[in-house]
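Here are the chains, one letter per residue:
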Amino acid sequence: MDDRFLAIAEHLLLIERELRQQGWWQDVPPSAEALASVEPFSVDTLDFDQWLQWIFLPRMKTIIEQDLPLPNASGILAMAEMVYADRPDQSRGLRASLARFDELIGQVR
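An account of the accompanying structure is given in this report. (Residues numbered from 1 in each chain as written. Predicted model: local features only at pLDDT ≥ 70, side-chain atom pairs only at ≥ 80, totals over all residues. Heavy atoms only, no water.)

To continue, consider unusual backbone geometry. At Phe41, a residue that is not glycine, the phi angle is positive and equals roughly 55°. Here Phe41 is to be found in the loop between helix H2 (32-35) and helix H3 (48-65). (Helix = DSSP H or I, 4+ residues; strand = E, 2+ residues; numbered from the N terminus.)

Listed below in structure tokens is the structure:
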């Protein structure tokens, strides 16, 4: 098992917590069509918050639970910086958690 799994799992919970605290967590999933997007971050069908909740978090949970290889790199913070440029204070906690996630993914085993 990758030594980073525990720290990454912790940061996934922090990401979820931030989404909930900001009111960006949704109870109803997007349509199957919206979730099937092949564009990076599903920019054509989902808001970034939705992508985090419905695509990113479940995929990372599967990777951790099944002890699958972690991605080689992550640029998720760069996307968050663009999306939340107009809400820097409101998104500070989420961006900090995403930054730490990027750092953990970028660490060489």
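The next subject is the packing of H3 against helix H5 (residues 92-106). Contact geometry for H3 and H5: axes closest at 14 Å, N-to-C directions at 35°. Here H3 and H5 pass one another in a crossing that is left-handed. Facing Phe48, Leu52, Phe56 and Met60 of H3, the residues of H5 in contact are Leu94, Leu98 and Phe101. Of the residues that constitute the contact of H3 with H5, the class distribution is seven nonpolar, no polar and no charged. (Axes fitted to C-alpha atoms, helices over the stretch in contact; angles between N-to-C directions. Left-handed = near helix turned anticlockwise from the far one by under 90°. Contact = heavy atoms within 4.5 Å. Nonpolar A, V, L, I, M, F, W, Y, C, P; charged D, E, K, R; others polar.)

Okay, the packing of aromatic side chains next. This structure, assessed with the given rule, holds seven aromatic pairs. Judged by centre distance (5.8 Å) and plane angle (20°), the ring pair of Phe48 and Trp51 falls under stacked. Remark: Trp51 and Phe48 occur in helix H3; sequence separation between them is three residues, near one turn of the helix. Note on Phe48: relative accessible area 5%, which makes it buried. Residue classification places Trp51 among the buried positions, given a relative accessible area of 10%. The rings of Trp24, Phe41, Phe48, Trp51, Phe56, Tyr84 and Phe101 are connected pair by pair, giving a single aromatic cluster. (Phe/Tyr/Trp six-rings, centres within 6.5 Å; stacked < 30°, edge-to-face > 60°. Buried < 20%, exposed > 50% of the residue type's maximum accessible area, 1.4 Å probe, protein only.)

Another aspect to go through is H3. End to end, H3 covers 24 Å across 18 residues, agreeing with the expected 26 Å (1.5 Å per residue, within 8%). Maximum bend of H3: about 30°, positioned at Phe56, with proline Pro58 one to four residues after it. Those residues of H3 that sit buried are Phe48, Asp49, Gln50, Trp51, Leu52, Gln53, Ile55, Phe56, Leu57, Met60, Ile63 and Ile64. Packing partners of the buried residues in H3 comprise helix H1 (5-21), H2, helix H4 (76-83) and H5. Looking one or two places after H3, you find Asp67, whose phi comes out positive at around 55°. (Expected span 1.5 Å × (residues − 1). Bend = angle between axes of the 7 residues up to and from the residue.)

The computed volume of the largest pocket comes to approximately 170 Å³. Contributing to the lining of the largest pocket are Ala9, Leu12, Leu13, Glu16, Trp25, Gln53, Leu57, Pro58, Lys61, Ile64 and Glu65. It is H3 that contributes the most residues to the lining of the largest pocket, six residues altogether. Per-class residue counts for the lining of the largest pocket are seven nonpolar, one polar and three charged. (1 Å grid on protein atoms, 1.4 Å probe; cavity = no way out; pocket = protein on both sides within 12 Å on 5 of 7 lines; lining within 4 Å. Points joined across faces, edges and corners; volume = space filled by probe spheres on them.)

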